[in-house]
Amino acid sequence: MGSPDPNAGESHAKLLYYGPAGSGKTANVKFIERKLKREHRGTLEKQTVEGDDSGSYEILPVRLGEVRGFKTSIQVYTVPGADRFDDARRKRLDGADGVAFVPDCRTEQPQATVSSFQ
């Protein structure tokens, strides 16, 4: 996904925000959405996990325009953090070009961060 296609003049990437439940993955992506110029951002979409409507993740399409001669775009994803969504997280990791790990910095949650990182 992230390799430039010289024949098409395009480069696409998938960036995944990963971490335990409540760590701030969605807050990070919403901050990025607010800071991007309107012409560079698509609509932040909330999707439910297949088979479990209680879990969700977000997708933010980012269009950076031409970078070094390539039309460049990034799909920014979050993952559901709860342990029961392990399969959904693995599915989102497929094809990822980069991962931004968001730890839970609350002192009462150190094990959740360690487990998520592993």
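Shown above is the structure to which this text applies.
Residues numbered from 1 in each chain as written. Predicted model: local features only at pLDDT ≥ 70, side-chain atom pairs only at ≥ 80, totals over all residues. Heavy atoms only, no water.

Caption draft 1: View of the overall build of the protein. The secondary structure content of the protein amounts to three helices and five strands. Taken from N to C terminus, the helices and strands of the protein fall in the order β-α-β-β-β-α-β-α. Expressed along its principal axes, the backbone C-alpha trace of the protein runs to roughly 50 × 25 × 25 Å. Looking at the protein as a whole, 31% of its 118 residues qualify as buried. (Helix = DSSP H or I, 4+ residues; strand = E, 2+ residues; numbered from the N terminus. Buried < 20%, exposed > 50% of the residue type's maximum accessible area, 1.4 Å probe, protein only.)

Caption draft 2: Spotlight on the nonpolar core. One finds Leu16, Tyr18, Val49, Tyr57, Ile59, Tyr77, Val79, Phe85 and Ala88 forming the largest nonpolar core, which totals nine residues. Where this core is concerned, the elements lending two or more residues are strand E1 (10-18) and strand E3 (52-67). Residue contacts for Ala88: discarding those within four places in its chain leaves Val49 and Pro80. With eight residues, the next largest nonpolar core counts Leu44, Leu60, Val76 and Val102 among its residues. (Core = buried A, V, L, I, M, F, W, Y, C linked by side-chain atoms within 4.5 Å. Contact = heavy atoms within 4.5 Å.)

Caption draft 3: Geometry of the environment of Gly98. Within the fold, Gly98 resides in strand E5 (residues 98-101). C-alpha of Gly98 to C-alpha of Ala27: the two residues are 71 residues apart in sequence and 18 Å apart in space. Not counting residues up to four positions away in its chain, the partners in contact with Gly98 are Lys14, Leu15 and Leu16.

Caption draft 4: Quick peek at a positive patch on the surface. Where like charges cluster on the molecular surface, the positive patch consists of Lys30, Arg34, Lys35 and Lys46. A total of three residues in the positive patch trace back to one element, the largest contributor, which is helix H1 (residues 25-35). Looking at where Lys35 falls in the secondary structure, it is placed in helix H1. Judged by its relative accessible area of 62%, Lys35 falls in the exposed class. (Patch = residues over 30% accessible without salt bridge, like charges linked within 9 Å, V, L, I, M, F, W, Y side chains within 5 Å. Areas by Shrake-Rupley, 256 points an atom, 1.4 Å probe, with all protein chains shown as cover. Salt bridge = Lys/Arg side-chain N within 4 Å of Asp/Glu carboxyl O. Lys, Arg positive; Asp, Glu negative; His and termini not counted. Charge placed at Lys NZ, Arg CZ, Asp CG, Glu CD.)

All we've got here are geometric facts, nothing functional implied.
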